[in-house]
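This is what each chain is made of:
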Amino acid sequence: MAHTFTGNKTQRKPLWTKAFLITSLANLLLFFSFQMLIPTIPTHLSMLGGDNVQVGLVIGIFTISSLLTRPFAGRALDRLGRKHVLLVGLTICALTIAGYSYIAAVTLILAARFVHGIGWGLSTTSLGTVIADIIPPERRGEGMGYYGLSNTLAMAVGPLTGLWVMQSLGFSYVLLVSTLLALLSIFSSLFITYPKPLPPLKAHIRIRFVDRLWEQTALLPSALLLCTAICYGGIVTFITLYGIEAHIPNVGLFFLCNASMVLLVRPITGVLFDRKGPAWVLLPGAAFTISGLLLLSYAQSNASLAIAALCYGVGFGSIQPALQAWTIQRSSPERRGAANGTFFSANDLGIGLGALALGALANWSGSYAIMYRYSTVLIVLFLIIYGWSFWSLVWSKKTAH
């Protein structure tokens, strides 16, 4: 039941439950631990003598192992239970981060990053599935919006904290703090309790191996996410180089303004998703994303960069949680793990493709500004895919009658 009824009044189920708060806290701690390492591990590897290719592999290997893990993580979540997979993933993350302290060889660090990516794939897919089980169906957009704020807060503050600790105390202390945060995430996860809404699959239903790993109902929102993730991969990878090209002294302002706007719009667009449906969030979000990318490509100062970031933040903050809520809405409870695995795989793949494909585009065009302008084609593709699916659904309903 979507609602409980008391007399003639409809009472919505509570969102801010103990389980919701603890899961969001565990997610915040895990992402903060992860974000502290994003700017510091490449620097550390470079200091150990790693070349540019090896420094790039620090991100690439992690992304690949996470991407390969997610489909199997989704399958395990649906078969073995949420909490077991979550705790295994978090434990791998904590042990790997602690292990970086004892590794001085570049190749061993790269191997450890592959293992870390496995833990990350298990953990984040698990947390996304757990929160989907906890949030009341009629408040899914709102709940995903608030839950996503933990990611955004970590993304805004974590890298700055990691750099500050590294510059003030050294990389070993970055690892110490990051490990403690991962351990606190494990500790928090021990207290997650909620009814398990997992009706067992009927014994006579046989599911192909591929379908066990990938959830077909999640393919449409995942394809849309892929388009936006490629654009985001181009931003996080090349924004610093673009700042040099455009003579903008403080490109870090982009991330601060982007994160601030994401924090502001996610709760609003989440409620809009629940009341009006995905089109009311995705279409304006796509328009803001295109505008943000175009404004970014013409930015020549901190002020114009900030305006571009604010505009892009509205789009990014609207689309991602709406697509995740839509993914869960389209999937059955016993397939939520596979659905989340499919969804997050698209995000990982998109960021990796953004770094590679848009980097090649920048080399071909000779300009990061032109690269960002051309990347708007992906959001146009986003609109075409969504428009096609929307009108196909409308047409099928008409013909059914």
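Residues numbered from 1 in each chain as written. Predicted model: local features only at pLDDT ≥ 70, side-chain atom pairs only at ≥ 80, totals over all residues. Heavy atoms only, no water.

Draft legend 1. View of the overall build of the chain. Across its full length, the chain holds 14 helices and 2 strands. Counting contacts in the chain only where the partners sit at least 6 residues apart, residues at least 24 apart contribute 85% of the total. (Helix = DSSP H or I, 4+ residues; strand = E, 2+ residues; numbered from the N terminus. Contact = heavy atoms within 4.5 Å.)

Draft legend 2. Fine view of the nonpolar core. Within the largest apolar cluster, 100 residues are counted, with the highest numbers of intra-cluster contacts made by Tyr 242, Leu 282, Leu 296 and Leu 323. Filtering out sequence-adjacent residues up to four positions away, Leu 282 remains in contact with Leu 224, Ile 319, Ala 322, Leu 323, Trp 326, Phe 382 and Tyr 386. Judged by nonpolar contacts, the second largest core, of 5 residues, contains Ala 73, Ala 76, Leu 77 and Leu 122. (Core = buried A, V, L, I, M, F, W, Y, C linked by side-chain atoms within 4.5 Å. Buried < 20%, exposed > 50% of the residue type's maximum accessible area, 1.4 Å probe, protein only.)

Draft legend 3. Inspection of the packing of aromatic side chains at higher detail. Taken as a whole, this structure holds 17 aromatic pairs when the rule is applied. Pairing Trp 16 with Phe 20 gives two aromatic rings, centres 5.1 Å apart and planes at 85°, and the pair type is edge-to-face. Geometrically, the ring pair formed by Tyr 232 and Phe 316 is stacked, given 4.8 Å between the ring centres and 20° between the ring planes. Of this pair, Tyr 232 sits in helix H9 (residues 219-246) while Phe 316 is found in helix H12 (residues 302-330), placing the two residues 84 residues apart along the sequence. (Phe/Tyr/Trp six-rings, centres within 6.5 Å; stacked < 30°, edge-to-face > 60°.)

Draft legend 4. Local environment of the state of the cysteines. With the rule as written, the count across this model stands at 0 disulfides. Free cysteine Cys 231: the closest other cysteine sulfur is in Cys 227, separated by 7.7 Å. Its relative accessible area of 1% is what places Cys 231 among the buried residues. (Disulfide = S-S within 2.5 Å.)

Draft legend 5. Just the packing of helix H6 (residues 140-168) against H12, in detail. One way to put it is that H6 packs onto H12 with a least axis distance of 9 Å and a crossing angle of 130°. The orientation of H6 with respect to H12, classified from their angle, is oblique. Crossing of H6 against H12: the hand is right-handed. Within the contact between the two elements, H6 uses Arg 140, Gly 141, Met 144, Gly 145 and Met 155 and H12 uses Phe 316, Pro 321, Gln 324, Ala 325, Ile 328 and Gln 329. Tallied by class, residues from the contact of H6 with H12 come to 6 nonpolar, 4 polar and 1 charged. (Axes fitted to C-alpha atoms, helices over the stretch in contact; angles between N-to-C directions. Parallel < 35°, antiparallel > 145°, perpendicular 65-115°, else oblique. Left-handed = near helix turned anticlockwise from the far one by under 90°. Nonpolar A, V, L, I, M, F, W, Y, C, P; charged D, E, K, R; others polar.)

Draft legend 6. Quick peek at the packing of helix H2 (residues 40-47) against helix H5 (residues 106-134). Packing of H2 against H5 leaves a shortest axis separation of 10 Å and a crossing angle of 160°. Classed by the angle they form, the pair H2 and H5 counts as roughly antiparallel. Relative to H5, H2 is oriented so that their crossing is left-handed. The segment H2 lies against H5, with Ile 41, His 44 and Leu 45 engaging Val 106, Ile 109, Leu 110 and Arg 113. Its residues assigned to classes, the contact of H2 with H5 comprises 5 nonpolar, 1 polar and 1 charged.

Draft legend 7. Fine view of H6. The terminal C-alpha atoms of H6 lie 42 Å apart, and with 29 residues this matches the ideal 42 Å at 1.5 Å per residue to within 8%. Where H6 bends most, at Val 157, the angle is about 35°, and the proline Pro 159 comes one to four residues later. Where H6 terminates, the next one or two residues include Gly 170, which has phi positive at roughly 115°. (Expected span 1.5 Å × (residues − 1). Bend = angle between axes of the 7 residues up to and from the residue.)

Draft legend 8. Highlighting the confidence of the model for the chain. Chain-level statistics for the chain give a pLDDT mean of 84 and a share of 89% at 70 or above. The weakest mean pLDDT in the chain belongs to strand S1 (residues 4-6) at 40; the strongest belongs to helix H11 (residues 279-297) at 96. Scored below 50 in pLDDT, residues 1-10 makes 12 contacts in the model with residues more than four places away or belonging to other chains. Under a pLDDT of 50 for its full length, residues 200-211 has, in the predicted model, 7 contacts with residues more than four places off or in other chains. (pLDDT = per-residue confidence, 0-100.)

Draft legend 9. Focus on helix H13 (residues 336-365). With 30 residues, H13 should cover 44 Å at 1.5 Å per step; its first-to-last C-alpha distance of 42 Å lies within 8% of that length. At Leu 353, H13 is deflected by roughly 25°, the largest bend along its length.

Draft legend 10. Molecular detail of the pattern of salt bridges. Tallying each qualifying case throughout the model produces 3 salt bridges. Arg 70 is paired through a salt bridge with Asp 348; the nearest N and O atoms lie 2.5 Å apart. Taken together, the residues span a long stretch of sequence, with Arg 70 in helix H3 (residues 52-80) and Asp 348 in helix H13 at a distance of 278 residues. Exposure class is identical for Arg 70 and Asp 348. Each is buried. Of the charged contacts, one joins Arg 139 and Glu 142 as a salt bridge, the two residues approaching to 3.1 Å between their closest N and O atoms. Judged by relative accessible area, which is 10%, Arg 139 ranks as buried. (Salt bridge = Lys/Arg side-chain N within 4 Å of Asp/Glu carboxyl O.)

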